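Survey of secondary and tertiary structure
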Amino acid sequence: MAAPDLKDRQQQAPVPAPVPAASQSHKAYKGFVAGIFSGIAKLAVGHPFDTIKVRLQTTDASRFTGPLQCVAQTLRNEGVVGLYKGATPPLVGWMFMDSVMLGSLSVYRRLVREHLFNPPGHPLHDPARPLPAHGHGIAGVMAGATVSFVAAPVEHIKARLQIQYSAKKADRLYSGPVDAVRKIYRHHGVRGVYHGLGATLLFRSFFFFWWGSYDVFSRVLATKTSLSAPAINFWAGGLSAQVFWTMSYPCDVVKQRIMTDPLGGGLKDGVQRFSRWKDAAKAVYKEGGAKGYWRGFLPCFLRAFPANAMALVAFEAAMRALPE
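Residues numbered from 1 in each chain as written. Predicted model: local features only at pLDDT ≥ 70, side-chain atom pairs only at ≥ 80, totals over all residues. Heavy atoms only, no water.

On to the overall build of the chain, then. Helix and strand counts for the chain come out as twelve helices and zero strands. Mapped from its N terminus to its C terminus, the chain presents α and β elements in the order α-α-α-α-α-α-α-α-α-α-α-α. Contacts in the chain between residues at least 24 apart in sequence constitute 77% of all its contacts with a sequence separation of at least 6. Total accessible area computed for the chain in this model is approximately 16,200 Å², and 67% of it derives from carbon and sulfur atoms. (Helix = DSSP H or I, 4+ residues; strand = E, 2+ residues; numbered from the N terminus. Contact = heavy atoms within 4.5 Å. Areas by Shrake-Rupley, 256 points an atom, 1.4 Å probe, with all protein chains shown as cover.)

This is the structure:
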């Protein structure tokens, strides 16, 4: 019997059924919903650390000599509530931000895998091939850029509320987040509310290191240990967050300086000092040298592990629990 020709072999070979578009969109929703739980966990654990970080980043050593003195002074003058100052914007914001970030990350991972690293029409296409670590990093950069348009106004308002040191509301420029948005918008419009967007986009480009290292840590822990899935999520989430902050922290210091810089004009909050990113970067160096770019790093580093570890445990648990 003659051997079947190429056309016959192609017809006989099993072809994997394509995944329906509706099924892919149903899976995509999980990332956006699970991100809400991540945002709640991150805020509950991390906001007091963030308040101390921002206060150290936006003042010189004459006000706070270090994180412990900053915590002590905040508790003495403002109580525990002082550590959660400005928590309302990120409570709503982190839920929305993590939903957008982790939801878009899930989508970008699939798109990067299907169109860049493992396209279906390629002769070497393998449906079982995972996305490499740098592919996760690329998806992270794309997700970081996407969420920046949500994060910039949230972080801007939060930072301005966090540096209001008076315990009496009557002595503060802003009575709360809504009042801050209203006053800034009245005098500076949408551009004022989005003050610091460029710095936010630059800062979140470092998500490459966060999500690339998260994939590396997850794979190593899965193959080299007998940890459960939640434990792997916890350790990989905490360690990768510390990698991210170590790489990006100087950029965050400059971003915070820009976001807390007076806007001037009718707001009457002072005279604007930084019209460009490099002006803020130069000011940090002039005031504290190279060490100035690392002021407040300790509370940030201590916060990074528990806040992001719990956030990713919550996210991955929700991803596993949500129906397809």
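Now for the pattern of salt bridges. By the definition in use, this model includes 17 salt bridges. The closest approach of N and O atoms between Asp179 and Arg182, which form a salt bridge, is 2.8 Å. Separated by three residues within a single helix, Asp179 and Arg182 lie in helix α7 (residues 177-193), roughly one turn from each other. Judged by its relative accessible area of 9%, Asp179 is buried. Using a relative accessible area of 43% as the deciding quantity, one classes Arg182 as partly exposed. (Salt bridge = Lys/Arg side-chain N within 4 Å of Asp/Glu carboxyl O. Buried < 20%, exposed > 50% of the residue type's maximum accessible area, 1.4 Å probe, protein only.)

Residue Lys268 is not a glycine yet carries a positive backbone phi of 55 degrees. Mapped onto the elements of the fold, Lys268 is located in the loop between α10 (229-259) and α11 (277-288). Exposure remark for Lys268: the relative accessible area of 73% places this residue in the exposed category.

Along the polypeptide, Ser38 turns up in helix α2 (residues 21-57). Judged by relative accessible area, which is 1%, Ser38 ranks as buried. Setting aside its immediate chain neighbours within four residues, Ser38 contacts Asp98, Leu102, Ala311, Ala314 and Phe315.

In the numbering used here, UniProt assigns the "transmembrane region" (unreviewed entry) feature to residues 192-212 and 232-249. Taken end to end, residues 192-212 is 76% helix and 0% strand, and its two terminal C-alpha atoms sit 33 Å from one another. From the first C-alpha to the last, residues 232-249 spans 25 Å; its make-up is 100% helix and 0% strand. (UniProt positions renumbered as here; feature names shortened; annotations may be inferred.)

Bringing the nonpolar core into the picture now. Among the nonpolar cores identified, the biggest contains 48 residues, and Met97, Met101, Phe207, Trp210, Trp211 and Trp245 are the most heavily contacted of them. Mapped onto this core, the elements with two or more residues apiece are α2, α5 (88-117), α6 (133-162), α8 (197-204), α9 (207-224), α10, α11 and α12 (297-321). The biggest single contributor to this core is α10, with ten residues. Those residues in contact with Phe207, other than ones at most four positions away along the chain, are Met101, Gly137, Gly140, Val141, Gly144, Val147, Gly212 and Phe244. (Core = buried A, V, L, I, M, F, W, Y, C linked by side-chain atoms within 4.5 Å.)

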